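Now for the letters of each chain:
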Amino acid sequence: MMSPASPNVALATVPSDDAVPEYMRALERATGYLDASQRQVLRRAWAAGAQAHEGQFRKSGEPYITHPVAVAGVLAGQKVDLETLVAAILHDTIEDTALTRADIAEQFGEQVAELVEGVTKLDKLQFSSRQEAAAESFRKMMLAMARDLRVILIKLADRLHNMRTLGAQSTAARERIARETLEVYAPIAQRLGMNLIKAELQDLGFSALHPMRHSVLQKRISSQPLVRREAMSTIEAQLAQRLTNDGLQYRLVSRVKSPWSIYNKMQNEGKTFDQLMDVFGFRVIVRSVADCYHALGVAHSVYKPLDGRFRDFIAIPKANGYQSLHTVLFGPYGSPIEVQIRTEEMDLIAERGIAAHWAYKHGGSPTSAQTRAHSWIASLLESQRSTGSSLEFLENVKVDLFPDEVYLFTPKGDILSLPRNATALDFAYAVHTDVGNHAVAARVDRKLVPLRTKLVSGQQAEIITARSALPKPQWLEFVATGKARTAIRQQLKQLEHEDAVQLGHRMLDRALEDVGSSLERVPAPRLEGYLGELRYPRLEALLADIALGNRMPVQVAHALAQAPTQAEGGRDVVRHGEKILITGSERGVVTFANCCMPIPGDEIMGYHTTGRGIVVHRLDCPNVAEYRKSPERWVEIGWDREVSGDYGVALRIEVENRPGVLAQVAAAIAQVDSNIDGVEYLERDSNVAAIRFSIEVRDRKHLADVIRRTRRLNVVHGVQRQ
């Protein structure tokens, strides 16, 4: 319960009934759930806001104070607490008037001041077409929600009233605000379970963005033929009769699709208006969970259910707390009947989401929707700490904002919800980040499947892990959740850093050996002084920079060993000692040149490139002669005994120019377990075509197998590695 502090002199008095305009009286009537003393505080808030906004007008010409009072009216319909209503009335004062945060805190308490400040910060966010700016705006909005969920309640109500009064804006402003509403605010309302506000935001946004399309759909919905209305009445009467005969107490209401939902389905599913409207929808609201299942049995006894169209969101609630039974029945007129069955409590949460039963602030318990909303925001904050940029954060949040959930069981019987198209790897990361990082395969319904397998509701999934397994860059191509994507990127960055440190250590060791020293023999004060001079916090940072080519190992070795620098600009630094051996799995610090495409078994050399680390070339590469002019960057490398991965290589294959030849060559390459990355025609005449195949092989032996297999084809005239 809010207890007002000592009032500010300018805002002290409670206006008399005569001084209160009709729009404020309407708000007071809507807040009948508050007691008399609370409504007095509300009236005093109006007086403060009216005084602060005096002389300010909306584009429509109305006094500005009518807008925040209308926002409070939207929230009163959700039966929110007094603090939220007061903050709604004052939500624009800090930004647009002389009233300060301290004034609000003194008059109405610290909680109200925090809410107003939170909404003020959101209002200052300017959305633009620039991706980075929009991403940063989104990030700040999520952080404001994390501080207090009531901030987003006020913001959604503010946006809803702005949408209701959008007509006074310019055409460009209407389109911009409507697009923001459909892309950001309506999805957030849906994610928080606030379906009434979501539906109105979508309808108003659609009307503003596509007025003609909205008008046409609205007219067609309202002008349904008499036959359809009679059919609806018949179905409703039959359902009602059977529910009554079974002794159930219920409310039965018919459901009508909105223009926005129809438009979206027409766009996404390629259906016509008549196909979408050829569905009857009803909602049955009963007293208890047991009655829900009883009513389901009644519905299935009136009309036969469609196989596979039953969903139990009571046992397995949606991510936003929504609960209901969904079933589809064969109708008597050849049209499907969609039926939703829920309790009054479930219906309230389905419509209001996190705004339902806000009284928990005063001692009650949070609803399931509020608990799930807090969990969602907590996961967003965890994601935000791991992401490198606002753009990456926005990408992850948008994945979470548009879920069409699948529900999965762990081996212990726990339930996890994931967005549509989630894979076994997404499931692994949902269980725990470490499980995802070390995943190698999965068992889905006890069958072994790859990690990229997409999951469907009701499946049981189990992840197989191995300590040696690590994330691969390719994983980013098939995960669907923000959590998985963030964890994979973070781990890949960590692995790249570790590889860079190890390679840098080997390069510096070799350089120190050439000047008769080693890292262990460098005095600690000298090493610490060198790191401090170059502003490296740790030795690992220096080693990683060496591997990436940002520091030359020869120069670092000379500085640490205090050896004289080489004459002639370093031209005597070419060494012929032990080679640095690579396995091909060094992430981020070893790359393979596209000009010669080296593979294991080739004689190779490395060129130390700033920012890229070691670029590997074949010794017979035409560019090596150019690199020999900079011997200080030439790194003697070779292949380790254990080499992993697939390597790109190009083949020039001359074939007969006739139909079906390309397929024959592709099949031959596939038969020796090689993947084709690309095909390009180099030359072509009436008889012969020269084609460049970009393929993947494990080593020179594998490449030889590919060449032998393709040469056996009668249609092939020649094969040559490029």
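In what follows, the structure referred to is the one given above.
Residues numbered from 1 in each chain as written. Predicted model: local features only at pLDDT ≥ 70, side-chain atom pairs only at ≥ 80, totals over all residues. Heavy atoms only, no water.

(A) Summary view of the state of the cysteines. Counting across every chain of the model gives zero disulfides. Looking at Cys-595, it has no disulfide partner, and the nearest cysteine sulfur is the one in Cys-621, 3.6 Å off. Given a relative accessible area of 42%, Cys-595 falls into the partly exposed group. Given a relative accessible area of 5%, Cys-621 falls into the buried group. (Disulfide = S-S within 2.5 Å. Buried < 20%, exposed > 50% of the residue type's maximum accessible area, 1.4 Å probe, protein only.)

(B) Local environment of the packing of aromatic side chains. The full count for this structure, using the stated rule, is seven aromatic pairs. Pairing Phe-206 with Tyr-263 gives two aromatic rings, centres 4.6 Å apart and planes at 25°, and the pair type is stacked. Of the two residues, Phe-206 sits in helix α11 (residues 195-209) while Tyr-263 sits in helix α14 (residues 259-269), which places them 57 residues apart along the sequence. An identical accessibility class is assigned to Phe-206 and Tyr-263; each is buried. (Phe/Tyr/Trp six-rings, centres within 6.5 Å; stacked < 30°, edge-to-face > 60°. Helix = DSSP H or I, 4+ residues; strand = E, 2+ residues; numbered from the N terminus.)

(C) Region of interest: the environment of Thr-710. Assignment of secondary structure puts Thr-710 in helix α28 (residues 700-711). The buried category is assigned to Thr-710, whose relative accessible area is 0%. In this structure the C-alpha to C-alpha distance between Thr-710 and Ala-667, which are 43 residues apart in sequence, comes to 9.2 Å. Beyond its immediate stretch of four places on either side in the chain, Thr-710 contacts Val-665, Ala-668, Ile-669, Val-716 and Val-719. (Contact = heavy atoms within 4.5 Å.)

(D) View of the nonpolar core. Within the largest apolar cluster, 69 residues are counted, with the highest numbers of intra-cluster contacts made by Leu-75, Val-86 and Met-194. The dominant element in this core, judged by the number of residues it contributes, is helix α9 (residues 149-164), at nine residues. When residues no more than four places from it in sequence are discounted, the contact partners of Met-194 are Leu-153, Leu-156, Ala-189, Glu-351, Arg-352, Gly-353, Ile-354 and Ala-355. Leu-527, Val-665, Val-697 and Ile-707 belong to the second largest nonpolar core, which has 55 residues in total. (Core = buried A, V, L, I, M, F, W, Y, C linked by side-chain atoms within 4.5 Å.)

(E) Summary view of helix α2 (residues 36-52). Taking 1.5 Å per residue as the helical rise, α2 with its 17 residues ought to reach 24 Å, and the 25 Å between its terminal C-alpha atoms agrees with that figure. Turning to α2, its buried residues number three or more, namely Gln-38, Val-41, Leu-42, Arg-43, Arg-44, Ala-45, Trp-46, Ala-47, Ala-48, Gly-49 and Ala-52. Summarising the contacts, the buried residues of α2 are in contact with α1 (22-30), α3 (66-76), α4 (82-89), α5 (93-96) and α6 (101-108). (Expected span 1.5 Å × (residues − 1).)

(F) Geometry of the pairing of strand β17 (residues 647-656). The buried fraction of β17 amounts to seven of the 10 residues, a majority that puts the element mostly inside the structure. Taken together, the 10 bridges between β17 and strand β19 (residues 688-697) define a ladder with antiparallel strand orientation. Its bridge partner lying in β19, Val-649 is registered against Ile-695. The sheet contact formed by β17 and strand β20 (residues 716-721) spans five bridges and is antiparallel. Residue pairing for β20: Ile-653 is matched across the bridge by Val-719. (Pairing = 2+ DSSP bridges.)

(G) Spotlight on the pattern of salt bridges. As enumerated under the stated definition, the model contains 22 salt bridges in all. Salt-bridge contacts for Asp-347 lead to Arg-251; the nearest nitrogen and oxygen are separated by 3.5 Å. Taken together, the residues Asp-347 in helix α17 (residues 344-352) and Arg-251 in strand β1 (residues 250-255) connect sequence positions 96 residues apart. Residue Asp-347 is classed as buried on the basis of its relative accessible area of 7%. Among the ionic pairs, Asp-620 bridges to Arg-618, the shortest N-O distance being 3.1 Å. What makes Arg-618 buried here is its relative accessible area of 13%. Here the salt bridges do not stand alone but share partners, grouping Arg-251, Arg-342, Glu-344 and Asp-347 into one network. (Salt bridge = Lys/Arg side-chain N within 4 Å of Asp/Glu carboxyl O.)

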